[in-house]
Number of protein chains: 2
Amino acid sequence: MNAPTAASHLIPEVQQRAVPQALLDALKARFGEQCSTAMAVREQHGRDESSFEVPPPGAVIFAEKTQDVADAVRLCSEHGTPVIPFGVGTSLEGHLLAVQGGVSIDVGRMNKVLAVNPEDLTVTVQAGVTRKQVNEEIKSTGLFFPIDPGADATIGGMSATRASGTNAVRYGTMRENVLALEVVTASGEVIRTGTRAKKSSAGYDLTRLFVGSEGTLGVITEITLRLYPIPEAISAAVCSFPSIADAVHSVIEIIQLGVPIARVELIDHNTVRMVNAHSKLALREEPMLLMEFHGSPAGVKEQAETVQEIASSHGGKAFEWATTPEERTRLWTARHNAYFAAIQSRPGCRAISTDTCVPISRLADCLLDSVKEADESGLPYFLVGHVGDGNFHFGYLLDPNLPKEREVAEALNHKLVSRALDLGGTCTGEHGVGLHKMGFLVDEAGVGAVDMMRTIKRALDPKNIMNPGKIFAL
Amino acid sequence: MNAPTAASHLIPEVQQRAVPQALLDALKARFGEQCSTAMAVREQHGRDESSFEVPPPGAVIFAEKTQDVADAVRLCSEHGTPVIPFGVGTSLEGHLLAVQGGVSIDVGRMNKVLAVNPEDLTVTVQAGVTRKQVNEEIKSTGLFFPIDPGADATIGGMSATRASGTNAVRYGTMRENVLALEVVTASGEVIRTGTRAKKSSAGYDLTRLFVGSEGTLGVITEITLRLYPIPEAISAAVCSFPSIADAVHSVIEIIQLGVPIARVELIDHNTVRMVNAHSKLALREEPMLLMEFHGSPAGVKEQAETVQEIASSHGGKAFEWATTPEERTRLWTARHNAYFAAIQSRPGCRAISTDTCVPISRLADCLLDSVKEADESGLPYFLVGHVGDGNFHFGYLLDPNLPKEREVAEALNHKLVSRALDLGGTCTGEHGVGLHKMGFLVDEAGVGAVDMMRTIKRALDPKNIMNPGKIFAL
């Protein structure tokens, strides 16, 4: 493992090229009102939830079907112009930013659930369907789709970043839950990766090559997902701890015992305070675990008893149960809004979010030293974590007008990533590399592995038009 | 979906090139007694459990460490000579056959368990460690590695073919259970894919690109695997059914209800008879489900009750419990020996094994028509299946001296694969493509997707030396 280089956290130089007029004309001719060059539209498609400022793309195509995506990519390919797929714009790492200019392909109108196969526990959707929409549309089947990043992201975007969320500790990430894809390649061809069979050994795993490829190899247009029966019994609980260490040690023990807990989220006392203010709750302002148990009534009871015992042995108190669906929803909505609660706690601030993930046995080592560093820095921050997976997020809340604060935040992130890599972890558990972690990726994977990624990129996208400048420099 | 072409099931023409003397000299100089050109050694490395006959590789290197593999690959690369990784030779699809000549790299001596991390539920092993060895060496930790193809294959080979087995219905396949790899690339460089973190969004998923790549992109030298706590309670049961249809419909219902069954295997009446003869058992010679339940004592009881009810409603009878570990081991050993039991039932025969996998709702459609066709053909066969995943194997038992029988078997397989693809399934659930399913892969994935695989292959192995002639023709 090399030490992260000083430049790891800098975003690469922006080198925008203008979209050629001939391409704009061709796009207008093909797409009519589905093509926009209005500044407001371009600006909306030129930013995400990251803290970077980059000029917007030169045009936006509102794709309504796969063939639209294919035609747009083909036209862009003919002109060697970059293509940036866009869902709802909730990326945290600058994935959507037009650092080399180009055309944004908005798949938001491709929002149909194409096929529900309840008997096979699968659903096939267009890329612009959001995770909440999936669950809304399949509600009557008694099934659900568990992956839940904080935002109501599109399934296309979640596939492209290999997203996960609070349920991943039990149900896995997009890596485990995407069965098959339809993809528009860099030359505008439409291919399918995988079938609806639950497993397969038929050739290279193109599905998982595209899951997490951040739009750099092609545009994902359709996704077949795994679904799960809504558990017969669900119960949620909140437990406060004297310290973060006590909470974390409880989690480590829960996981090591193999308790099939469905969710186990850490929220530090700072963040509980922000969440209380934002969501009008009265949670104890102490480090807290927010948990959920899925199973049969007897199974849930058994899990809860085991967990309660473990928590007690680490000073956990005020174990409170949310028994009604309404109470549960209120708690989890509060958790999912933690990011926005934090942003509101410091008006005008922007957040730089960390995303390290370490083997569970190293979680306390990684987290506690980083809490100490963050406290010492004086920068306001929030801390939440999918701690059952060893994944957590500091959000450093900085004043964008104070460059010094960004420096402090980046330095904290830098130390945290170094520590996580030293402990056998990764710089990003679920947000992706985007612009912000390109240096860290090299530190983590090594030059040889990143070179292999580059070789694949060059082979599948010889003109370097698919979301160029993300994941690695070419 | 295109209809499979008539030539789908034919293996490609063998075009062996001799290993250049200069390379042999260089290998001898570097490896001494670790390099063999003895005919008996070459022949042992030139066959697997498939029914193909191809002349052996020109030399065998017995690698003892990663650097040995790297040096062997580098030398072969300098001479443009094919490299064929070899574990214990249990492939069913001709993966190990030297169809273009070359050097076999035997990783069997790389059989060290390198790191057990019980607190993280991971283990890191060299490629030559077998699945039984893993479980033997980690026994004291209270953890186990669930993936169990019939044979005691190496973890390297299982990774390369994306293997699974009887536990996959609950624990997933190698796709879900390999966390990270060390790989020797086609140029002899050593890279690592992934970390020990449970999840990551750090760049392209090279781990899953290599899992299932059948030695065509590089040689897997180390593997980090996920482990699971040995369940507090395990119970196994056997249940007989009036017909295969009744057994299959029970399985479909079990899966659709979301019962977390750990194993559910179908064995048809033919095969029960063969297994009884081979393993000295007295199982009822009727279609049978062999099941296992993992969990807490209460959880296992709950699952078993649900399943027993479902089975009864489909005419299941003689639900018999194997309560002691010895009884369970005896039953599962019998299941794992079904292949060998079948081979022995027709002395001198060879088996052609099918490997289709379909969405569970289509399992009955796929299986029952194929049983009818097999019965009508008059060819002896066995039928076993990981039916919880929609995956099953016919083994057509043919006399290698009667070409007509091979034709009949291939025709049956052909019809079966066509049917599976029409039903949204795959031609191979767990054995891989190898030599035998190259045509079927194109039928399944389409020309565009297979061309993408070829592009990746050409980019990562520009000299086409890594197990050439497998998965697809270049």
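Residues numbered from 1 in each chain as written. Chains lettered and ligands numbered in written order. Predicted model: local features only at pLDDT ≥ 70, side-chain atom pairs only at ≥ 80, totals over all residues. Heavy atoms only, no water.

Participant: I would appreciate a short explanation of the nonpolar core in the present structure.
Facilitator: Inside soluble globular proteins, nonpolar side chains tend to come together where they are buried. Within the largest apolar cluster, 144 residues are counted, with the highest numbers of intra-cluster contacts made by Met174(A) and Met174(B). Setting aside anything within four residues of it in sequence, one finds Met174(B) in contact with Phe145(B), Ile147(B), Ile155(B), Met158(B), Ser159(B), Arg162(B), Ala163(B), Val211(B) and Leu225(B). (Core = buried A, V, L, I, M, F, W, Y, C linked by side-chain atoms within 4.5 Å. Buried < 20%, exposed > 50% of the residue type's maximum accessible area, 1.4 Å probe, protein only. Contact = heavy atoms within 4.5 Å.)

Participant: How should I be thinking about the relation of the copies chain B and chain A in this particular structure?
Facilitator: Taken together, a rotation about one axis and a shift along it account for how the two chain copies relate. You can overlay chain B on chain A at an RMSD of 0.0 Å; the transform is a turn of 180 degrees with a shift of 0.0 Å along its axis. Look at the turn and shift together and you get a two-fold axis relating the two. Both copies share a contact surface, since 100% of the interface residues of chain B are interface residues in chain A too. (Least-squares fit on C-alpha atoms with pLDDT ≥ 70 in both.)

Participant: Got a minute to help me understand the domain arrangement of chain A in this structure?
Facilitator: Often, the extent of an interface is quoted as the loss of accessible area upon association of its parts. All names here are of chain A. Each domain of chain A was delimited in the assignment, giving domain 1 (113-229) and domain 2 (233-422). The interface is formed by twelve residues belonging to domain 1 together with 14 residues belonging to domain 2. In total, about 1000 Å² of surface goes out of reach between domain 1 and domain 2, with carbon and sulfur atoms giving 51% of it. Among the residues domain 1 hides against domain 2, the three largest losses belong to Thr166, Val169 and Arg170. Together they make up 58% of the total. Viewed at the interface, domain 2 and domain 1 are joined by one salt bridge. (Domains from an automatic or database assignment. Buried area = accessible area lost by both parts, 1.4 Å probe. Salt bridge = Lys/Arg side-chain N within 4 Å of Asp/Glu carboxyl O.)

Participant: I'm lost on the UniProt feature "domain: FAD-binding PCMH-type" (unreviewed entry) in chain A in this one. Help?
Facilitator: Within this structure's numbering, the places UniProt gives as "domain: FAD-binding PCMH-type" (unreviewed entry) are residues 53-230 of chain A. End-to-end, the C-alpha atoms of residues 53-230 of chain A are 42 Å apart, and along that stretch the chain is 22% helix and 26% strand. (UniProt positions renumbered as here; feature names shortened; annotations may be inferred. Helix = DSSP H or I, 4+ residues; strand = E, 2+ residues; numbered from the N terminus.)

Participant: Any chance you could explain unusual backbone geometry here in plain terms?
Facilitator: Glycine aside, the phi torsion of most residues is negative, and most peptide linkages are trans. Backbone geometry at Asn464(A) places phi at a positive 50 degrees, although glycine is not the residue there. Residue placement: Asn464(A) occurs in the segment after helix H17 (447-460). Look at Ile471(B): it is not a glycine, yet its phi comes out positive at around 70 degrees. As for its placement among the helices and strands, Ile471(B) is situated in the segment after helix H17 (447-460).

Participant: Sorry, what's going on with the sheet that holds strand E15 (residues 317-322) of chain A here?
Facilitator: The strands that make up a sheet are held in pairs by hydrogen bonds between backbone atoms, and each pair lies either parallel or antiparallel. Residue and element names in this part refer to chain A. One open sheet holds the seven strands; their spatial order is E15-E12-E14-E13-E17-E18-E16, and the pairing between them is antiparallel. If you trace the sheet from one side to the other, it starts and ends with E15 and strand E16 (350-353), each paired once. Sheet twist, expressed as the average angle between the axes of neighbouring strands with direction ignored, equals 20 degrees. In this structure, strand E13 (residues 263-267) lies alongside strand E14 (residues 288-295), joined through five bridges in antiparallel fashion. Looking at the pairing, glutamate 265 lines up with leucine 290 of E14. Contacts from helix H9 (residues 244-256) reach E13, E14 and strand E17 (381-386) within the one sheet, and its direction differs from that of E13 by about 165 degrees. Relative to the sheet, helix H10 (residues 269-279) contacts E13, E14, E17 and strand E18 (391-398), its axis offset from that of E17 by approximately 100 degrees. (Pairing = 2+ DSSP bridges. Axes fitted to C-alpha atoms, helices over the stretch in contact; angles between N-to-C directions.)

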